[in-house]
Amino acid sequence: MTLRKPTLAVVGATGAVGAVMLQILSQHADVWGDIRLVASPRSAGRKLAVRGVETEVVALSEEALAGTDVALFLAPEEVAAHWAPVAAAGGCVVVDTSPAFRDDPDVPLAVPEINPHCVRSRPRGIVACPGDTTLALIVAVGALHAEFGVCELVVSAYQAASGAGRGGVEALRSQLARVAGAGAGSGAGAAPGAGPAAVAGLGTTPGDVRRAVGDDTGPFPAPLALNVVPWSGSLREGGWSSEELRVRDEVRKVLDLPGLPVAATCVRVPVVTAHSVSVHARFEREVTVARAHEILATSPGVVLYDDPAAGDFPTPADVVGTDPTWVGRVRRSLDDPRALELFVCGDNLRKGAALNAAQVAEAIAAELSVD
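Treat the numbers as computed from the prediction; the structure is a model and nothing was measured. (Residues numbered from 1 in each chain as written. Predicted model: local features only at pLDDT ≥ 70, side-chain atom pairs only at ≥ 80, totals over all residues. Heavy atoms only, no water.)

Can you help me understand the nonpolar core in this one?
Side chains of nonpolar character tend, in soluble globular proteins, to be buried together. With 58 residues, the main nonpolar core has Phe-73, Leu-144, Leu-153, Val-251 and Val-279 as its most contacted residues. A per-element tally of this core places helix H4 (residues 132-148) first, with 10 residues. If we skip the residues at most four places from it in the chain, Phe-73 touches Val-11, Ala-80, Trp-83, Ala-84, Ala-87, Val-94, Val-95, Asp-96 and Thr-97. Formed by 37 residues, the second largest nonpolar core is a distinct cluster that contains Val-17, Val-20, Leu-37 and Leu-48. (Core = buried A, V, L, I, M, F, W, Y, C linked by side-chain atoms within 4.5 Å. Buried < 20%, exposed > 50% of the residue type's maximum accessible area, 1.4 Å probe, protein only. Helix = DSSP H or I, 4+ residues; strand = E, 2+ residues; numbered from the N terminus. Contact = heavy atoms within 4.5 Å.)

Given below as structure tokens:
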């Protein structure tokens, strides 16, 4: 038996998730042979550092994918839908972070902490990763499910601007600059005798934030600065958004519970990176906070941070840039001894995208390394 290091292609290397992926590849154990950085033709020729080596980005093509063993697709859905089957047809195993194949029954939806076995069964040569909101909550919920058996989920997701891509972050930063400028003369620095509106600043009268932001809402349907926007995705039947239905479908598939009742509400919040989720989980049997704490504290990929008396609970500003799912505010429901309430936070660019894909790819690399 000989061991070899598989060749890896990173498709979408120049994007926001791609930048995080290159960091992860440089930080994790080096299980790869050659690493090819692939992106759109307009990014070809750029040089990016991976594993301490400046590597030139090549344009996405059949030639760029030829001879690779694993391809990480960090690209938009339409790119993955076209090119992932091309890569798979050439004998490459694809790990895709887009929604393109998540609903396909012949494509496993993998979260290594929850269902690592599914990675080996890939009839189409493709393994999909859940979306960033699902990944923010599923590691914690999956650990509790293994002990108590989840039978219902109600979640409210507070999604960071970066979940909408670089355009979302740029829009939020632009809006923050506009509202800061509009309120520069208000508050503590207002002139003596200034009226109530000037003293109070923006966010005190209907429409004042919208007027300050103007049409610069970016990918969001309303201003995100000094605001929350209860919408993410596109409209579906019954008033649900595509993002909310996606969370439902993905949770069911990862947990292998096709009939699990799941209700999700997705809200954009003025946070740059790291999603938060409020979770109401009902189980098949009675639960205790003490046992839930034991499970969460010992589960891979989870950090329990739950001492409200000391001010210890996760927030996006504290968990951004870290790998785990952070869990706090664990409470047993006041009205149901079989239900828990909890609050989780996770970096949507790390575990929510790049890290999960890297973990899946590393599992495949271990399989392919043995000739």
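Hey, could you run me through the sheet that holds strand E11 (residues 302-304) in this one?
In a beta sheet, neighbouring strands are held together by backbone hydrogen bonds and run either parallel or antiparallel to one another. With mixed pairing, 6 strands are arranged side by side in an open sheet as E9-E8-E10-E13-E12-E11. Bordering the open sheet on either side are strand E9 (262-268) and E11, each of which pairs with just one other strand. Each strand of the sheet is rotated relative to its neighbour by a mean of 25°, with strand direction disregarded. Along the sheet face, H4 touches strand E8 (150-159), strand E10 (275-283), E11, strand E12 (325-332) and strand E13 (339-346) and points at about 25° away from the line of E10. Packing of helix H9 (residues 289-297) onto the sheet brings it into contact with E11, E12 and E13, and relative to E12 it is tilted by some 170°. (Pairing = 2+ DSSP bridges. Axes fitted to C-alpha atoms, helices over the stretch in contact; angles between N-to-C directions.)

Teacher, can you tell me more about the state of the cysteines here?
Here the structure, examined in full by the defined rule, presents 0 disulfides. We note that Cys-129 lacks a disulfide partner, and the nearest cysteine sulfur, in Cys-118, lies 9.5 Å from it. For Cys-129, a relative accessible area of 1% gives the class buried. This cysteine, Cys-266, is not joined by any disulfide, and Cys-345 carries the nearest cysteine sulfur, 15 Å off. (Disulfide = S-S within 2.5 Å.)

I'm lost on the confidence of the model for the chain in this one. Help?
Predicted coordinates in regions of low pLDDT should not be interpreted in detail. Per-residue confidence for the chain averages 93 on the pLDDT scale, and 94% of its residues sit at or above 70. When the criterion is pLDDT under 50, residues 186-199 qualifies, and its contacts beyond four places in sequence or with other chains add up to 9 contacts. (pLDDT = per-residue confidence, 0-100.)

What's the story with the environment of Ala-354 in this structure? I'm lost.
Mapped onto the elements, Ala-354 comes out in helix H11 (residues 350-368). Sequence separation of Ala-354 and Ala-19 is 335 residues, and the distance between their C-alpha atoms is 8.9 Å. Every residue in contact with Ala-354, bar those within four places of it in the chain, is listed here: Val-17, Val-20, Met-21, Ile-24 and Leu-349.

Teacher, can you tell me more about the packing of H4 against helix H8 (residues 242-255) here?
The angle between the axes and the distance between the axes are what describe a pair of packed helices. The N-to-C vectors of H4 and H8 enclose an angle of 35°; their axes lie 10 Å apart at closest approach. For the pair H4 and H8, the crossing hand works out as right-handed. Of the residues in H8, those touching H4 at Asp-132, Thr-133, Thr-134, Leu-137, Ile-138, Val-141, Gly-142 and His-145 are Glu-243, Val-247, Glu-250, Val-251, Val-254 and Leu-255. Of the residues that constitute the contact of H4 with H8, the class distribution is 7 nonpolar, 4 polar and 3 charged. (Left-handed = near helix turned anticlockwise from the far one by under 90°. Nonpolar A, V, L, I, M, F, W, Y, C, P; charged D, E, K, R; others polar.)

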